[in-house]
Amino acid sequence: GESVGLHLPTLSVQEGDNSIINCAYSNSASDYFIWYKQESGKGPQFIIDIRSNMDKRQGQRVTVLLNKTVKHLSLQIAATQPGDSAVYFCAENIRANTGNQFYFGTGTSLTVIP
Amino acid sequence: GAGVSQSPRYKVAKRGQDVALRCDPISGHVSLFWYQQALGQGPEFLTYFQNEAQLDKSGLPSDRFFAERPEGSVSTLKIQRTQQEDSAVYLCASTLGLAAAGYTFGSGTRLTVV
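Residues numbered from 1 in each chain as written. Chains lettered and ligands numbered in written order. Predicted model: local features only at pLDDT ≥ 70, side-chain atom pairs only at ≥ 80, totals over all residues. Heavy atoms only, no water.

Asker: For this particular structure, what's the right way to read the state of the cysteines?
Answerer: Linking two cysteines covalently through their sulfur atoms gives a disulfide. Residue and element names in this part refer to chain B. In total, this model carries 2 disulfides over all chains according to the counting rule given. Here C23 pairs with C92 through a disulfide, and the sulfurs are 1.9 Å apart. An S-S torsion of about -65 degrees defines the bridge between C23 and C92 as left-handed. Of the two residues, C23 is situated in strand 3 (residues 19–24) and C92 in strand 9 (residues 88–95); the sequence distance between them amounts to 69 residues. Residue C23 is classed as buried on the basis of its relative accessible area, which comes to 0%. (Disulfide = S-S within 2.5 Å. Helix = DSSP H or I, 4+ residues; strand = E, 2+ residues; numbered from the N terminus. Buried < 20%, exposed > 50% of the residue type's maximum accessible area, 1.4 Å probe, protein only.)

Shown next as structure tokens:
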């Protein structure tokens, strides 16, 4: 899951297993969420998004689940591969805001063991 | 270009020095964002442009930080009288439209103030 502070949550999985990364978001007014993947030395890369009128969305090998009741978001990665090793961030947004800024969590570091 | 380009990739500045960080967004992208990412943390919003208009600068940490996008394409983030706490990766992102959507991030400029 996510935590505030300098210590990045970590998750290690065996290649081929499924991964689940969790995120607790802060603002009950947030209505749009994105998961980003950030590899070392690179900017965050868009993975998948979900709007608050949905509770599940699937992409290629990834699924995002949203539970607005407890303000929880999760990212599921199927058949995890070594190339999935990275830091994963959830980001929340209030679409009615003109600023269009996203608020990012601290991130979770995923390591895939070959 | 194909992606968001930032320069320089690395910058070492002596405390008190002024720096300028450049962002070339994807051609035609209307919205441009600057984020600051401290080590081990998620990106934090600094400022947002829609074309040449700076619509939100609420995240700029002090009046030493200044951003501009005079012709609605290239943007420059300037930091005056740099301090050690300014050390971070500065990320630029752009999107085609006006509404919140998945950004395309650049690889960032890593600023180290010594």
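Asker: Just to check I follow, could you spell out the interface of chain A and chain B for this structure?
Answerer: Interfaces are frequently sized by the accessible area removed from exposure as the parts join. Taken together, the 23 residues of chain A in the interface contact 22 residues of chain B. Of the roughly 1,700 Å² buried between chain A and chain B on both sides combined, carbon and sulfur atoms contribute 51%. Of all residues in chain A, N100, Q101 and F104 of chain A bury the most surface against chain B, accounting for 28% of the area lost on that side. Put simply, chain A and chain B have 0 salt bridges between them. Across the contact surface, chain A and chain B share 5 residue pairs in polar contact (both at pLDDT 80 or more). (Contact = heavy atoms within 4.5 Å. Buried area = accessible area lost by both parts, 1.4 Å probe. Salt bridge = Lys/Arg side-chain N within 4 Å of Asp/Glu carboxyl O. Polar contact = N/O pair within 3.5 Å; in protein donor to acceptor, adjacent residues only side chain to side chain.)

Asker: What should I look at first to understand the confidence of the model for chain A in this one?
Answerer: Predicted coordinates in areas of low pLDDT are best not read in detail. Overall, the prediction assigns chain A a mean pLDDT of 89, with 90% of residues at 70 or greater. Confidence over residues 1–6 of chain A falls short of pLDDT 50; this stretch has 19 contacts with residues more than four positions distant or in other chains. (pLDDT = per-residue confidence, 0-100.)

Asker: I would appreciate a short explanation of the pairing of strand 5 (residues 44–50) of chain B in the present structure.
Answerer: Remember that side chains alternate between the two faces of the sheet whenever the strand is regular. Residues and elements named next belong to chain B. The element strand 5 is largely enclosed, with a buried count of 5 among its 7 residues. Across 6 bridges, strand 4 (residues 31–37) lies against strand 5 in antiparallel orientation. Across the sheet, S31 pairs through a bridge with Q50, a residue of strand 5. Between strand 4 and strand 5, which pair antiparallel in sequence order, lie 6 residues; one of them, G40, sits at a positive phi of approximately 75 degrees. (Pairing = 2+ DSSP bridges.)

Asker: What exactly am I supposed to notice about the layout of surface pockets here?
Answerer: Over the atoms, a rolling probe the size of a water molecule traces out where space has been left empty. Taken as a whole, the largest pocket spans an internal volume of roughly 520 Å³. Along the wall of the largest pocket there are 25 residues; nearest its centre are Q38 and G41 of chain A together with Q37, L39 and R110 of chain B. Where the lining of the largest pocket is concerned, the elements lending two or more residues are strand 8 (86–93) of chain A together with strand 9 and strand 11 (109–113) of chain B. Examining the composition of the lining of the largest pocket, we find that 4 residues originate from one element, strand 11 of chain B, more than from any other. Tallied by class, residues from the lining of the largest pocket come to 10 nonpolar, 11 polar and 4 charged. (1 Å grid on protein atoms, 1.4 Å probe; cavity = no way out; pocket = protein on both sides within 12 Å on 5 of 7 lines; lining within 4 Å. Points joined across faces, edges and corners; volume = space filled by probe spheres on them. Nonpolar A, V, L, I, M, F, W, Y, C, P; charged D, E, K, R; others polar.)

Asker: Would you mind showing me how to read the sheet that holds strand 6 (residues 62–67) of chain A here?
Answerer: By definition, the strands of a sheet pair up through backbone hydrogen bonds, in either a parallel or an antiparallel sense. Residues and elements named next belong to chain A. Strands sit in the order 2-7-6-5 across an open sheet of 4 strands; the sheet is antiparallel. Two strands close off the open sheet at either side, each with one partner strand: strand 2 (19–24) and strand 5 (56–58). Between one strand axis and the next, the sheet turns through 15 degrees on average, direction left out of account. (Axes fitted to C-alpha atoms, helices over the stretch in contact; angles between N-to-C directions.)

Asker: Honestly, the pattern of salt bridges in this entry has me stumped. Any pointers?
Answerer: Oppositely charged side chains can form a pair if their charged atoms are brought close together. All names here are of chain B. Taken as a whole and assessed by the stated rule, the structure comprises 6 salt bridges over all chains. Between D24 and R22 there is a salt bridge, with its nearest N and O atoms 2.7 Å apart. You can call D24 partly exposed: its relative accessible area is 23%. Notably, a salt bridge pairs D86 with R64, separated by 2.8 Å at the nearest N-O pair. Taken as a pair, D86 in the loop between strand 8 (75–79) and strand 9 and R64 in the loop between strand 6 (53–56) and strand 7 (65–68) lie far apart in primary sequence, 22 residues in all. Take D86: its relative accessible area is 3%, and that puts it in the buried class.

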